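# Structure assessment
Spelled out from the first residue to the last, the chains are:
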Amino acid sequence: DYAILTGQDLLPVSTLPDPNYAAALATAYNDWMIEHWLAKDERLKGLACIATQNPKKAAEEIERAAAAHPGIVGVIRRRSAARLQALVPRLAPPS
């Protein structure tokens with residue numbers, strides 16, 4: 001049995017006017033989730049939070065968070081991020 005931490009309270013991060021602040025906030029949340037939850041119980045999994053204002057930074061954050069802990073099993077975002085699929089091919093749906 002697993003529980004997935006969604007970070008849904010941070011979904012509005014993609015509506016912030018400053019893309020650098022938004023990206024930093026998403027990174028800080030992901031690090032906090034990994035340190036305080038995922039690292040303490042293998043039954044917990046997490047969705048990386050991303051700020052979609054800058055698709056390249058969002059893709060980099062996905063890669064960074066996934067590399068930081070195997071418990072990161074997906075991504076949560078507010079807006080459509082089809083451009084992310086071009087930057088991170090493994091996000092593309094199966095054909």
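Look above for the structure.
These lines cover the structure that appears in this document, whether it is placed above or below.

Rules of the game
Residue numbers run consecutively from 1 along every chain, following the written order of its sequence. Where local features are concerned, this predicted model is filtered to residues with pLDDT of at least 70; where side-chain atom pairs are given and counted, the filter is 80 or more; whole-chain, interface and lining totals use all residues. Values shown for side chains rest on all heavy atoms present in the structure; no hydrogens or waters enter the calculation. Note on method: axes are straight lines fitted to C-alpha atoms, helices fitted across the in-contact stretch only, with angles between N-to-C directions ranging 0 to 180 degrees. Only DSSP runs of H or I covering at least 4 residues are called helices, and only runs of E covering at least 2 are called strands; the numbering of each starts at the N terminus. Should an angle lie under 35 degrees it is considered roughly parallel, over 145 roughly antiparallel, and from 65 to 115 roughly perpendicular; all remaining angles are considered oblique. The contact criterion used is simple: two residues touch if any of their non-hydrogen atoms lie within 4.5 Å. Amino acids outside the nonpolar list (Ala, Val, Leu, Ile, Met, Phe, Trp, Tyr, Cys, Pro) and the charged list (Asp, Glu, Lys, Arg) are all regarded as polar, and Gly is one of them. Strand pairing is defined by DSSP finding a minimum of two bridges between the two strands. Helix span, as expected, comes to 1.5 Å for every residue beyond the first. Only protein chains enter the accessibility calculation, which uses a 1.4 Å probe; a residue is then buried when its area is under 20% of its type maximum, exposed when over 50%, and partly exposed in between. Here the arc refers to the directions that run from the helix axis out to each C-beta atom.

## Concerning the packing of helix α1 (residues 19-36) against helix α2 (residues 55-68)
At a closest axis distance of 11 Å, the pairing of α1 and α2 adopts a crossing angle of 10°. Compared by their axis directions, α1 and α2 come out roughly parallel. On the side of α1, the interface is formed by N20, A23, A26, T27, N30, D31 and I34, while α2 contributes K57, E61, R64, A65 and A68. By residue class, the composition of the contact of α1 with α2 is five nonpolar, three polar and four charged.

## Observations regarding the sheet that holds strand β1 (residues 3-5)
Strands sit in the order β1-β2-β3 across an open sheet of three strands; the sheet is parallel. Bordering the open sheet on either side are β1 and β3 (72-76), each of which pairs with just one other strand. Strand-to-strand twist across the sheet, computed as the mean angle between neighbouring axes with direction ignored, equals 30°. Examined bridge by bridge, β1 and strand β2 (residues 44-49) share three bridges and lie parallel to one another.

## Looking at α1
The terminal C-alpha atoms of α1 lie 26 Å apart, and with 18 residues this matches the ideal 26 Å at 1.5 Å per residue to within 8%. Listing the buried residues of α1 in full gives A22, A23, A26, Y29, N30, M33 and I34. Along the long axis of α1, the arc covered by the buried residues comes to 130°, so they all point the same way. As for α1, its buried residues are in contact with β1, β2, α2 and β3.

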